[in-house]
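# Remarks on the overall topology
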Amino acid sequence: MNLVVVSNRVARANTNEPMTGGLAAALLPVVENSGAIWVGSSGRVRDGFQKEPLAEIEALGAGALAMLDLPAAHYGGYYEGFANSALWPALHSRSDLIRVTEGDYLSYREVNAFMARALLRFNKREAAFWVQDYHFLALGAELRELGVTAPVGFFLHTPWPAPCVIEGVPQHRELIEAMLGYDLIGFQTEADRDNFLGYVKTNLELAVHDDSVMSQYGRTRAAVFPIGIDAEKFSQQAAKATTHPDVLRLRRSLNGERLAIGVDRLDYSKGLVNRIRAFDRMWTANSHLARTVSLLQIATPSRGGIEAYCQLQNDVARLITDVNGRHGEVDWTPIRYLNKGFGQAVLAGLYRTAQVGVVTPLHDGMNLVAKEYVAAQNPSDPGVLVLSKFAGAANELDAALLVNPHDIDGMARALATALAMPLSERRMRHETMMERLRSHSIQQWFADFVEALRDSHSERTEASPRAAESPTLRPVRSLHSAARFH
Ligand code: F6P
């Protein structure tokens, strides 16, 4: 199988550049080793209609990285528009933040169609395509319309919401019908898969048997593949990172004080405001923790052109100023707040330095920071993970202190419990979580998905031989096709 991995954001080899988000960082080592071709955005845009979309290709381990300049006229509507102002809030069950225009949707479909055309050059013998994330929900259908009969799989890194929430996106039906162009759709959790299949049954009125559904494209299977990390490698990286200058400076500055750490993209799904309120409550209720415990909150700015993100940036900054103003002393800052990104190697050392890892999203597909925090700990004196029960990671890391991120008092109590936890209990919880991380590595996740894609594709072509010969049974892009502009 010649695997082609597709995502909006890609990562370059041999770089310790800060990376916004888990997907690119998580995929880099496995794609590198697999010999796959990884196709994504170059981060640049290009004017005019490109018949043969230009790809800048460079070596990536045993495979290659191909980066495309996306169409300038559609980039804004695609990325900041439909993907991140309509789909992202809907997928994270924030219906109140959904902002959608027909123009943004058309741009999203244009970029999906553009990517499909670009992928044709890789559609050779034994090719298989694996599409990542919500930026490309419709890419499977676009590829089928271009006559691609190869296996095409999709993995969603975010949650999938209840049917009534996704219905908040006006084009939900057309989009989800287009998703059925994939042979296999992977989700992080069972709840996500069940929500998706619930929609397919109720809204599309299609029968679901053994998590598979038959549509105009043939059979599509929906399955659960919780993404993992390379826990051993991350542990080693963390142990080594203790000599990194940033880590040494942090350690020196602590002066015996204990540290809690939060590392997030600056995103409303991450629950930053509630987290800061919980620390505020903790210091108010436990005066002995003032001056002896501080929070290092790294919040990497992202999607700054979207109003909800600007608003959040202001809210978080104002709240931190307020909390520091009330609890701080001339020689003590309760919350150290950094608006920038760090490379994986430094982060590993920062996690190892902190006695508490705070991962409290309101809703999150998986949250690899939770897994990385655990893997980074010193096994003989590990820190404690305080984890939102609404992160996908909570299904696996139930030996963490699980919290409801809407319950500020409950979170404040959990933080105090974490700080008081005896060594024996910390070790026991840590070892339980490490076992899980070791047995569900990112390498295993990658291999499981690829094998399931191969199987789903064979089942699909056996169940519906027409799907293999003539994939385009009926165009699904009625609105889109009518208004296509080049
Ligand atoms: O959660 C899914 C994900 O793809 C993450 O990997 C990443 O944090 C985010 O969404 C995408 O972020 P960006 O818009 O910065 O590419």
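Residues numbered from 1 in each chain as written. Predicted model: local features only at pLDDT ≥ 70, side-chain atom pairs only at ≥ 80, totals over all residues. Heavy atoms only, no water.

## Remarks on the domain arrangement of the protein chain
By domain assignment, the protein chain separates into domain 1 (2–227 + 442–482) and domain 2 (231–439). Contact residues are listed per partner, giving 29 residues for domain 1 and 28 residues for domain 2. The contact between domain 1 and domain 2 buries some 2,000 Å² in all, and 62% of this surface belongs to carbon and sulfur atoms. At the surface where domain 1 touches domain 2, the tally comes to zero salt bridges. Inspection of the domain 1/domain 2 interface yields six residue pairs in polar contact (both at pLDDT 80 or more). Put simply, the parts of the chain that give the side of domain 1 that touches domain 2 at least two residues each are α1 (22–34) and α2 (72–91). (Domains from an automatic or database assignment. Contact = heavy atoms within 4.5 Å. Buried area = accessible area lost by both parts, 1.4 Å probe. Salt bridge = Lys/Arg side-chain N within 4 Å of Asp/Glu carboxyl O. Polar contact = N/O pair within 3.5 Å; in protein donor to acceptor, adjacent residues only side chain to side chain. Helix = DSSP H or I, 4+ residues; strand = E, 2+ residues; numbered from the N terminus.)

## Structural notes on the site of the ligand
Contacts to the ligand come from 12 residues, most closely from Arg 9, Leu 23, Tyr 79, Asp 133 and Arg 303. In this structure, an oxygen atom belonging to the ligand sits 2.7 Å away from a side-chain N or O atom of Arg 9. Considered on its own, the ligand offers 400 Å² of accessible surface; in the complex 91% of this is hidden by protein. Those elements giving two or more residues to the shell around the ligand turn out to be α1 and α2. In terms of residue class, the shell around the ligand is made up of three nonpolar, five polar and four charged. (Near = heavy atom within 4 Å. Areas by Shrake-Rupley, 256 points an atom, 1.4 Å probe, with all protein chains shown as cover. Nonpolar A, V, L, I, M, F, W, Y, C, P; charged D, E, K, R; others polar.)

## Remarks on the packing of α2 against helix α3 (residues 102–119)
Between α2 and α3, whose axes approach to 7 Å, the crossing angle comes to 110 degrees. Put simply, α2 runs roughly perpendicular to α3. Two packed elements cross with a definite hand, and for α2 against α3 that hand is left-handed. Contacts from Ala 73, His 74, Gly 77, Tyr 78, Gly 81, Phe 82, Ala 83 and Leu 87 of α2 reach α3 at Asp 104, Tyr 105, Ser 107, Tyr 108, Glu 110 and Val 111. Residue composition of the contact of α2 with α3, by class: eight nonpolar, four polar and two charged. (Axes fitted to C-alpha atoms, helices over the stretch in contact; angles between N-to-C directions. Parallel < 35°, antiparallel > 145°, perpendicular 65-115°, else oblique. Left-handed = near helix turned anticlockwise from the far one by under 90°.)

## As for the pattern of salt bridges
Across all of its chains, the model carries 29 salt bridges by this definition. The partner of Arg 44 in a salt bridge is Glu 56, and the shortest N-O contact between them spans 2.6 Å. In this pair, Arg 44 sits in strand β2 (residues 37–46) while Glu 56 sits in strand β3 (residues 55–60), placing the two residues 12 residues apart along the sequence. On the basis of relative accessible area, Glu 56 is assigned to the partly exposed category, the value being 33%. In this structure, the salt-bridge partner of Asp 409 is Arg 281, at a minimum N-O distance of 2.7 Å. A residue pair is termed long-range when its members are at least 10 positions apart, and Asp 409 in helix α14 (residues 408–420) and Arg 281 in helix α10 (residues 272–285) qualify at 128 residues. Overlapping salt bridges, with partners in common, bring together Arg 12, Arg 44, Arg 46, Glu 56, Glu 58 and Asp 69 in one network. (Buried < 20%, exposed > 50% of the residue type's maximum accessible area, 1.4 Å probe, protein only.)

## Brief notes about the nonpolar core
Ranked by size, the top nonpolar core spans 69 residues in total, and within it Trp 38, Tyr 351, Leu 385, Leu 387, Leu 397, Trp 445 and Phe 446 carry the most contacts. Residue assignment places this core across two domains, with domain 1 (2–227 + 442–482) and domain 2 (231–439) each supplying three or more. If near-sequence neighbours (up to four positions away) are discounted, Tyr 351 is found in contact with Phe 234, Ile 261, Val 263, Val 369, Glu 372, Tyr 373, Ala 376 and Gln 377. In this structure, Val 6, Leu 87, Phe 114 and Ile 306 belong to the second largest nonpolar core, which totals 63 residues. (Core = buried A, V, L, I, M, F, W, Y, C linked by side-chain atoms within 4.5 Å.)

## Some remarks on the packing of aromatic side chains
One pass over the structure, following the stated rule, counts 22 aromatic pairs. Their ring planes at 85 degrees and their centres at 5.1 Å tell us that Phe 155 and Trp 445 sit as a pair that is edge-to-face. With a gap of 290 residues between them, Phe 155 in strand β6 (residues 152–155) and Trp 445 in helix α16 (residues 442–463) connect regions that are remote in the sequence. Measuring from centroid to centroid gives 5.3 Å for Phe 187 and Phe 196, while their planes differ by 45 degrees, and the two rings are tilted. By relative accessible area, which is 0% here, Phe 187 ends up buried. Note on Phe 196: relative accessible area 1%, which makes it buried. Chaining the aromatic ring pairs together yields one cluster made of Tyr 75, Tyr 78, Tyr 79, Phe 82, Tyr 105, Tyr 108 and Phe 136. Taking NZ or CZ as reference, Arg 303 lies 4.1 Å from the ring centre of Trp 88, over its face. (Phe/Tyr/Trp six-rings, centres within 6.5 Å; stacked < 30°, edge-to-face > 60°. Lys NZ or Arg CZ within 6 Å of the ring centre and 35° of its normal.)

## Brief notes about empty space enclosed by the protein
Applying the stated criterion across every chain yields a total of two cavities of 30 Å³ or more. For the largest cavity, the calculated volume is near 40 Å³. What lines the largest cavity is Gly 383, Val 384, Leu 385, Ala 399, Ala 400, Met 421, Arg 426, Arg 429, His 430 and Met 433. When residues of the lining of the largest cavity are traced back to their parent elements, those giving at least two are β15 (384–388) and α15 (423–439). The greatest single-element share of the lining of the largest cavity, amounting to four residues, is contributed by α15. In terms of residue class, the lining of the largest cavity is built from six nonpolar, two polar and two charged. Put simply, the second largest cavity is a space of about 30 Å³. In terms of lining residues, the second largest cavity is bounded by Ile 261, Gly 262, Val 263, Tyr 351, Gly 357, Val 358, Val 359, Val 369 and Tyr 373. Every element with two or more residues in the lining of the second largest cavity is listed here: β11 (258–265), β14 (356–359) and α13 (368–376). Counted by class, the lining of the second largest cavity contains seven nonpolar, two polar and no charged residues. (1 Å grid on protein atoms, 1.4 Å probe; cavity = no way out; pocket = protein on both sides within 12 Å on 5 of 7 lines; lining within 4 Å. Points joined across faces, edges and corners; volume = space filled by probe spheres on them.)

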